[in-house]
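What follows is each chain in one-letter form.
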Amino acid sequence: MAGKRRPYLLPEPLTCSPEKIKNGISMPLVEEYIRKHEARLPRYNYLENLYKGFHDIYKQPEKEEWKPDWRLVVNFPWYITNMFMGYGYGIPIKTTHPDDNMMEAISTFEKNNEIADHDYELLKKACIFGHSWEYFYQDENTQTKVTICSPKELFVVYDDTMKSRALFAVRYGHHGMDSDHPGEKFGEVLTKGLIEPFDCGVKKDPYENPYGYIPCVEYRLNEERIGLFEETSGLTEVFNHTIGEKANDVDAFADAYLAVLGCELSDDGYYKLRDERLINLYGTENAKDVLVQFLQKPTADGTQENLLNRLERLIFHISMVANISDENFGSSSSGVSLSYKLLAMGNMASGFDRKIKKSIKKRYKIFCSLSTNVSDKNAWTGIEIKTTRNVPKNILEEAQTAQALEGTVSKETQLSVLSIVNSATDEIKKMEDEQKKLLDDTVTRRMFGADADEE
């Protein structure tokens with residue numbers, strides 16, 4: 001298999017001069033940016049196919065009919081994505097607010113949108129494509145709803161100044177989706193004030209955007225919008241090719257030719273060799289001159305195994321995702337040892353956390369823009385967002401650490417070491433309530449006797 005260059009360029013933000021839209025966003029301008037966006041679809045399709053297991057190994061030219069031609073896919077992109085998502089966001093993201101009314105509004109919004117599952121799928125798309133979009137709309141009951149948009153169907157155009165502010169967004173599709181012959185485009189142009197539908201190159205009647213913001217939020221895996229497994233795509237393709245050729249070698253060995261030298265076989269003798277696996281040669285004066293053996297091509301088993309092992313190590317090394325299934329990972333590792341093994345993945349998740357929190361803040365900024373949701377449009381500034389790593393916990397180690405901190409740090413810090421404690425503040429309050437109840441019971445028994453509790 002000849003080496004190939006990466007079949008796409010990384011996406012740069014689409015930009016536009018504010019002067020070009022000061023008199024409105026024309027349909028020719030929208031179509032111009034749709035064409036620019038469509039030039040990026042090969043990358044998105046390639047990454048999506050990698051995740052789903054439709055790798056380029058299936059597109060290679062077929063070999064001659066008499067040769068074995070196995071096409072094997074080891075789907076590292078799927079494993080890497082789901083392992084990272086389970087580690088970083090398998091435990092749902094928690095959103096809190098000090099104001100009870102705001103917290104109730106958030107809880108209602110999250111319940112109506114099944115936000116735990118929504119967030120997981122939204123972030124998974126960001127891992128696959130490098131970024132993803134959350135789209136806002138009001139349903140028939142005037143409730144604020146969010147849905148996930150792939151970067152294949154939605155894009156934002158930013159101004160070309162240092163501020164890089166969003167000017168407008170376009171969400172579009174095709175009538176009669178066909179990758180070879182797509183139908184006419186339809187969709188909508190999203191601005192802060194209006195939502196303008198269009199169909200077949202013609203704008204329809206616009207309607208008011210109720211939020212006062214462009215109703216979509218971008219979630220980025222990183223600033224460059226590079227996918228989680230994107231940098232290992234070439235390694236994955238070579239791994240697939242190598243393991244496929246290894247399977248072909250096994251087939252070739254099983255179908256090796258039998259060479260009979262020094263003796264002529266009759267047709268009947270040929271069929272006995274093939275069907276009955278029996279060799280009985282005679283009629284020659286010197287039997288030692290007859291040689292019967294299989295023809296075998298040279299094997300590269302050792303070289304192939306070394307290459308496969310190195311490719312696998314590089315794939316996990318470059319992706320920064322731990323290979324938990326590796327027998328050398330160690331199920332009996334101490335907490336500190338396990339932390340070091342997960343350090344690279346944890347660092348990447350921490351970087352993603354910062355992007356996520358920024359985007360979730362914007363989510364609730366849009367949510368708070370409607371008086372039907374909350375009374376204070378600035379309430380979103382008080383939101384606290386917490387992510388929790390989904391890792392095995394050694395409760396005994398944590399308890400010993402917490403015990404060793406007694407008298408050295410505050411009770412809240414001491415309890416925060418324990419993973420079984422969701423909120424150190426709430427736990428302290430529970431402990432105080434229990435202590436107060438125990439003290440009250442003791443006083444009651446001393447004043448009224450041991451049977452006072454039974455009355």
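Look a little higher up for the structure.
Calculation rules
- Residues numbered from 1 in each chain as written.
- Predicted model: local features only at pLDDT ≥ 70, side-chain atom pairs only at ≥ 80, totals over all residues.
- Heavy atoms only, no water.
- Helix = DSSP H or I, 4+ residues; strand = E, 2+ residues; numbered from the N terminus.
- Buried < 20%, exposed > 50% of the residue type's maximum accessible area, 1.4 Å probe, protein only.
- Contact = heavy atoms within 4.5 Å.
- Areas by Shrake-Rupley, 256 points an atom, 1.4 Å probe, with all protein chains shown as cover.
- Polar contact = N/O pair within 3.5 Å; in protein donor to acceptor, adjacent residues only side chain to side chain.
- Pairing = 2+ DSSP bridges.
- Salt bridge = Lys/Arg side-chain N within 4 Å of Asp/Glu carboxyl O.
- Axes fitted to C-alpha atoms, helices over the stretch in contact; angles between N-to-C directions.
- Parallel < 35°, antiparallel > 145°, perpendicular 65-115°, else oblique.
- Left-handed = near helix turned anticlockwise from the far one by under 90°.
- Patch = residues over 30% accessible without salt bridge, like charges linked within 9 Å, V, L, I, M, F, W, Y side chains within 5 Å.
- Nonpolar A, V, L, I, M, F, W, Y, C, P; charged D, E, K, R; others polar.
- Core = buried A, V, L, I, M, F, W, Y, C linked by side-chain atoms within 4.5 Å.
- Phe/Tyr/Trp six-rings, centres within 6.5 Å; stacked < 30°, edge-to-face > 60°.
- Lys NZ or Arg CZ within 6 Å of the ring centre and 35° of its normal.
- Expected span 1.5 Å × (residues − 1).

1. Digging into the overall build of the chain
At step 1: When its secondary structure is counted, the chain shows 13 helices and 14 strands.
At step 2: Per-residue burial over the chain gives 37% buried out of 455 residues.
At step 3: Across the chain, every contact between residues at least 6 apart in sequence was considered, and the portion connecting residues at least 24 apart equals 64%.
At step 4: Element-wise, carbon and sulfur atoms account for 52% of the exposed surface of the chain, whose accessible area totals about 27,900 Å².

2. Regarding the side chain of N209
At step 1: Within the secondary structure, N209 is located in the loop between strand 10 (207-208) and strand 11 (216-220).
At step 2: Side-chain polar atoms of N209 contact the backbone oxygen of K192, separated by 3.2 Å.
At step 3: At a separation of 3.1 Å, a polar atom in the side chain of N209 contacts the main-chain amide nitrogen of Y211.
At step 4: The contact partners of N209, leaving out residues within four places of it in the chain, are T191, K192, G193, L194, I195, I214 and P215.

3. Considering the pairing of strand 11
At step 1: Of all five residues that make up strand 11, five are buried, and the element is covered over most of its length.
At step 2: Here five bridges tie strand 3 (residues 131-138) to strand 11, and the two strands are oriented antiparallel to one another. Along strand 11, the bridge assignment pairs Y135 with C216.

4. Comments concerning the pattern of salt bridges
At step 1: Within the structure shown, the criterion is met by 22 salt bridges.
At step 2: The salt bridge partner of E196 is K203, with a shortest N-O separation of 3.3 Å.
At step 3: According to the relative accessible area criterion, E196 is buried, its value standing at 14%.
At step 4: For K203, a relative accessible area of 27% puts it in the partly exposed group.

5. A closer look at the sheet that holds strand 4 (residues 144-149)
At step 1: Spatially, three strands are ordered 4-3-11 in an open sheet, and the strand pairing comes out antiparallel. Of all strands in the sheet, those with a lone pairing partner are strand 4 and strand 11, marking the two edges. The sheet shows a mean angle of 25° between the axes of neighbouring strands, direction not considered.
At step 2: Two elements, strand 3 and strand 4, share six bridges in a ladder whose sense is antiparallel. Bridged to F136 within strand 4 is V146.
At step 3: On the sheet, helix 5 (residues 115-129) packs against strand 3, strand 4 and strand 11 and is oriented at approximately 145° with respect to strand 3.

6. With respect to the packing of helix 3 (residues 76-89) against helix 5
At step 1: Contact pair helix 3 / helix 5: the axes reach a minimum separation of 10 Å and the direction vectors enclose 135°. Compared by their axis directions, helix 3 and helix 5 come out oblique. For the pair helix 3 and helix 5, the crossing hand works out as right-handed. Note on element contacts: helix 5 touches helix 3 through Y120, L123, K124, C127 and I128, opposite T81, N82, F84, M85, G86 and Y89.

7. Looking at a nonpolar patch on the surface
At step 1: A surface patch of nonpolar side chains, amounting to about 310 Å² of accessible area, comprises L439, V443 and M447.
At step 2: In this fold, M447 is placed in helix 13 (residues 424-448).
At step 3: By relative accessible area, M447 is classed as exposed at 58%.

8. Focus on the packing of helix 2 (residues 41-52) against helix 5
At step 1: Direction vectors running N to C along helix 2 and helix 5 enclose 110°, while the axes themselves pass 9 Å from each other. One finds that helix 2 runs roughly perpendicular with respect to helix 5. Here R43, Y44, L47, E48 and Y51 of helix 2 lie close against helix 5, whose contacting residues are K124, I128 and F129.
At step 2: Among the residues making up the contact of helix 2 with helix 5, the classes are represented as five nonpolar, no polar and three charged.

9. What about the side chain of R225?
At step 1: Here R225 is to be found in the loop between strand 11 and helix 6 (233-254).
At step 2: With residues near it in sequence (within four places) discarded, R225 still touches P11, P13, R43, F129, G130, H131, Y158, E218, R220 and E230.

10. Points about the nonpolar core
At step 1: Counting 49 residues, the largest nonpolar core has F84, Y89, L123, L228, F352 and Y364 as its most contacted members.
At step 2: When contributions to this core are tallied by element, the ones reaching two or more residues are helix 3, helix 4 (100-112), helix 5, strand 11, helix 8 (301-319) and helix 10 (343-367).
At step 3: For this core, the element with the most residues is helix 10, which contributes nine residues.
At step 4: Here L228 is in contact with I80, T81, F84, C127, L221, S319, V321 and M348, once residues within four sequence places are set aside.

11. Describing the packing of aromatic side chains
At step 1: What the rule picks out here adds up to 13 aromatic pairs.
At step 2: Each residue in the set F76, Y79, F239 and F316 is aromatic and connected to the rest through ring pairs, giving one cluster.
At step 3: One cation-aromatic arrangement involves R171 over Y135; the distance from NZ or CZ to the ring centre is 4.8 Å.
At step 4: Here R389 stacks its cationic end above the ring of Y89, 5.5 Å away from the centre of that ring.

12. Comments concerning helix 4
At step 1: Its 13 residues give helix 4 an end-to-end C-alpha distance of 18 Å, which sits within 8% of 18 Å, the value for a rise of 1.5 Å per residue.
At step 2: Looking at the packing, one finds that the buried side of helix 4 touches strand 2 (94-96), helix 5, strand 4 and helix 10.
At step 3: Just past helix 4, the residue E114 takes up positive phi, approximately 45°.

13. Comments concerning the environment of S150
At step 1: With respect to the helices and strands, the residue S150 is situated in the loop between strand 4 and strand 5 (154-159).
At step 2: With near-sequence residues (within four places) excluded, S150 lies in contact with K125, F129 and W133.

14. Some details on unusual backbone geometry
At step 1: Of note, C200 is a non-glycine position whose phi angle comes to about 55°, a positive value.
At step 2: Positive phi, normally seen in glycine, also occurs at R225, with a value near 60°.
At step 3: Taking the relative accessible area as the measure of exposure, R225 reaches 7% and is therefore buried.

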